[in-house]
Amino acid sequence: MATRKKGHVTDSIIRIPPNKYIHVLDNNENLRRIVEGPCTFVKKEHEILLKGPEDMIVLPPGNYCVVSNPVVRDEGGKPVLNKYGEYQIRQGREEIRQSEQFPEPFPLYPGEELEKPTTPYRIVETNMGLIIKALRDFDDKHAGDRWLFKGPGVYIPKIQEEIEKEISASIIKQNQALKIRTLRDTTVKGIKRKAGEVWLEREQGAYLPSVDEEIITSIEGKVLTDKKALHLKATANFKDHYGIERRAGEEWLVTKEMAEVHIRDVYEDIVGEIRLTTLARNQYCIVVNPVDAKGIPQFGKCELRRGEATFFLKPGESLKDGIQSARVLSEHQSLLLQAREDLKEDDEVKKSGMKWVVRGPREYIPPAEVSILEERESIPLDENEGIYVRNIKTGEVRIVKNTVYMLTSEEILWEKELSDEVEELLSFQASGSGFAPVFVSDSGDRSYAKKKPVAYKRNKTRAITFRAPHNSAVQLFDYKAKKSRIVFGPDLSLIHISEPTRRTPISYAVFCLKKKKKKK
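The rules we used
- Residues numbered from 1 in each chain as written.
- Predicted model: local features only at pLDDT ≥ 70, side-chain atom pairs only at ≥ 80, totals over all residues.
- Heavy atoms only, no water.
- Helix = DSSP H or I, 4+ residues; strand = E, 2+ residues; numbered from the N terminus.
- Buried < 20%, exposed > 50% of the residue type's maximum accessible area, 1.4 Å probe, protein only.
- Contact = heavy atoms within 4.5 Å.
- Areas by Shrake-Rupley, 256 points an atom, 1.4 Å probe, with all protein chains shown as cover.
- Phe/Tyr/Trp six-rings, centres within 6.5 Å; stacked < 30°, edge-to-face > 60°.
- Lys NZ or Arg CZ within 6 Å of the ring centre and 35° of its normal.
- Pairing = 2+ DSSP bridges.
- Axes fitted to C-alpha atoms, helices over the stretch in contact; angles between N-to-C directions.
- Patch = residues over 30% accessible without salt bridge, like charges linked within 9 Å, V, L, I, M, F, W, Y side chains within 5 Å.
- Salt bridge = Lys/Arg side-chain N within 4 Å of Asp/Glu carboxyl O.
- pLDDT = per-residue confidence, 0-100.

**Comments concerning the overall build of the protein**
Now for step 1: Broken down by element type, the protein carries two helices and 53 strands.
Now for step 2: Residue burial in the protein is summarised as follows: out of 520 residues, 36% are buried.
Now for step 3: In the protein, the proportion of contacts linking residues at least 24 apart, taken out of those at least 6 apart, comes to 61%.
Now for step 4: If you sum the accessible surface of the protein, you get close to 31800 Å²; carbon and sulfur atoms cover 48% of it.

Here it is as structure tokens:
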């Protein structure tokens, strides 16, 4: 068995099997050479075994290795010797040796080192890719350049480049899109893109971004139905997916008529979802700030929309008081209306501020320019019933009785005020007492019986009817005619507009009763 001294083999006979080699140093000439097997090498006195026997490097098909400080080869592939007879090497360089170039086993020449052992080629599968970076200038590439090697394929490495990273394709499903940013000026699918530009890739399938692109996120589409629309707002000037130019701040709707699924563009914000507004046959609504046929909001205007109808409220539009039902009026009902603007209704011109009454029976939907002030009903009046009515134009107040009366647009119910004494007397009458008893003291002073009135609230617009019981009198004074009259009981008196009622002193009432008896 051979012994070793100072790292060198001292045996003089070395048997080299096939596919092995040794490095020998000639001390006389100070040169290193290689001896390949199979052979038996007899080492001379001035020779030293530097290395070996070592296995030759075998590259199976589809493999490669990296050798540092490779020898220089001629056109035939033979190693080149320098003028001193040494193998000429490229110091500090590396060389990739592929199985196609070296189908047979080969040795490492003196000075060469195996930097990377036998390695199979990298297989890039479908929907995968490699980002390659140039380490130095070569061919049409410059140091720092990056490009994409797309699969499927076999990547054969080069010494001037390196694999930066492996990427996989993003799958774009139905109703999806990829939001992509361009890292530098480039051309994608024939379209020039600027650095920093953001855009959407909508085509279904696998998308493998280039080195000049980065995927920001995936966007899901919004499904639109007959009852749902999308309210969008533009964040910049752009042309949308439907070919319409949009300006920054502009708002619009996307309905099912435009697309069944809408994928939000990069310059669009979704403000919200708009539900379909449905009006039945007897329904209506007032739309505030309606949008015209050109898409321009008519600020400050109102528009009446009648049923049957369905529509989406456009951006800027709103409903005033929501969806309302038509007013159904019976023959005893009416509506007091007032025009907010000039309009024409039933072939009649109504001026702003004008009031009028619409009587039943009918179904009425007020125009957008009309306000409903109040709903009125007919007032049925018996022979002994009445109401006080005032004309707001002339100021005249009159009493209406014994009819079914409907106020006109120029009339209102007038409230008749009474003194506290008369109100107390009416309250006594409501409790069952026709009059307040009077007591005379020894000194001749009169006083009324103190009786707490019942809870009583008078309708001041109703004509006052006062029942004068037997052996009583009521004095009425007409301020308009400046006449006074006495009503003796039992009687039922209807108090007129200008007749405030007051208690009559007992002595005056007795005088009137005696006078009445004498006349008889």
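Next, the rest of the story.
**Quick notes on the packing of aromatic side chains**
Now for step 1: In total, this model carries eight aromatic pairs according to the counting rule given.
Now for step 2: Ring plane angle 10° and centroid distance 5.9 Å describe the contact between Tyr64 and Tyr121, whose orientation is recorded as stacked. Of this pair, Tyr64 sits in strand β8 (residues 63–68) while Tyr121 sits in the loop between β10 (113–120) and β11 (122–124); the two residues are 57 residues apart in sequence, bridging distant segments of the chain. Across the pair, exposure class does not vary: Tyr64 and Tyr121 are buried alike.
Now for step 3: Geometry around Trp199 places Arg193 over its ring, the cationic atom sitting 4.3 Å from the centre.
Now for step 4: Here the guanidinium or amino end of Arg305 rests over the ring plane of Phe311, the centre of that ring lying 4.6 Å away.

**Thoughts on the pairing of strand β44 (residues 397–401)**
Now for step 1: Here five bridges tie strand β43 (residues 386–391) to β44, and the two strands are oriented antiparallel to one another. The partner of Ile387 across the bridge, within β44, is Val400.
Now for step 2: Taking the residues that link successive antiparallel strands as the turn, the β43-β44 hairpin has five residues, and the phi of Gly395 there is positive, at about 85°.

**Notes on the sheet that holds β43**
Now for step 1: An order of β44-β43-β46 is seen for the three strands of this open sheet, with the pairing classed as antiparallel. Edge strands, defined here as strands with exactly one partner in the open sheet, are β44 and β46 (411–413). On average, adjacent strands in this sheet sit at an angle of 40° to one another, irrespective of strand direction.
Now for step 2: Bridge analysis of β43 against β46 gives three bridges, and the strand direction is antiparallel. The residue bridging Arg390 from the neighbouring strand is Ile412, located in β46.

**Brief notes about the sheet that holds strand β41 (residues 370–377)**
Now for step 1: Strand order in the open sheet formed by three strands is β39-β36-β41, with antiparallel pairing between adjacent strands. The open sheet is flanked by β39 (355–359) and β41, the only strands paired with a single partner. With strand direction ignored, the average angle separating the axes of adjacent strands in the sheet is 25°.
Now for step 2: Two elements, strand β36 (residues 333–339) and β39, share five bridges in a ladder whose sense is antiparallel. Among the inter-strand pairings, Leu337 is bridged to a residue of β39, identified as Trp356.

**Here we look at unusual backbone geometry**
Now for step 1: Here the residue pair Gly37 and Pro38 is connected by a cis peptide bond, since its omega of 5° sits within 30 degrees of zero.
Now for step 2: A cis amide bond links Gly52 with the next residue in sequence, Pro53, at an omega value of -5°.
Now for step 3: With respect to the secondary-structure elements, Pro53 resides in strand β7 (residues 47–55).
Now for step 4: Unlike most non-glycine residues, Lys189 shows phi in positive territory, near 55°.
Now for step 5: Mapped onto the elements of the fold, Lys189 is located in the loop between β18 (186–188) and β19 (191–193).
Now for step 6: We classify Lys189 as exposed; its relative accessible area is 55%.

**Looking at the environment of Ser334**
Now for step 1: Relative to the assigned elements, Ser334 resides in strand β36.
Now for step 2: In this structure Ser334 comes out as buried when scored by relative accessible area, which is 0%.
Now for step 3: In contact with Ser334, not counting residues within four places along its chain, are Leu329, Val357, Val358, Arg359, Glu374, Glu375, Arg376 and Met406.

**Looking at the environment of Pro61**
Now for step 1: Structurally, the position occupied by Pro61 is in the loop between β7 and β8.
Now for step 2: Among the residues examined, Pro61 registers a relative accessible area of 76% and is labelled exposed.
Now for step 3: Through-space distance from the C-alpha of Pro61 to that of Gln98 is 8.5 Å; in sequence the pair is 37 residues apart.

**Let's talk about a nonpolar patch on the surface**
Now for step 1: On the surface, Ile123, Val154 and Ile156 cluster together to form a nonpolar patch covering roughly 270 Å² of accessible area.
Now for step 2: By the element assignment, Ile123 lies in strand β11.

**Details of the side chain of Ser378**
Now for step 1: Mapped onto the fold, Ser378 is located in the loop between β41 and β42 (379–380).
Now for step 2: Filtering out sequence-adjacent residues up to four positions away, Ser378 remains in contact with Glu331, His332, Val404, Tyr405 and Met406.

**Concerning the pattern of salt bridges**
Now for step 1: Tallied over the full model, the rule gives 29 salt bridges.
Now for step 2: Asp140 is the partner of Lys141 in a salt bridge, and the nearest nitrogen-oxygen pair spans 3.4 Å.
Now for step 3: Among the residues examined, Lys141 registers a relative accessible area of 22% and is labelled partly exposed.
Now for step 4: Here Arg275 makes a salt bridge to Glu273, at a shortest N to O gap of 3.9 Å.

**What to know about the confidence of the model for the protein**
Now for step 1: Summing up the model confidence of the protein, the mean pLDDT is 84 and the portion of residues at 70 or higher is 86%.
Now for step 2: Mean pLDDT across the elements of the protein ranges from a minimum in helix α2 (residues 506–519), with 39, to a maximum in β8, with 95.
Now for step 3: In the model, residues 1–10 has pLDDT below 50 throughout and makes 14 contacts with residues more than four positions away in sequence or in other chains.
Now for step 4: Contacts from residues 501–520, a stretch scored under 50 in pLDDT, to residues over four places away or in other chains number 32 contacts.

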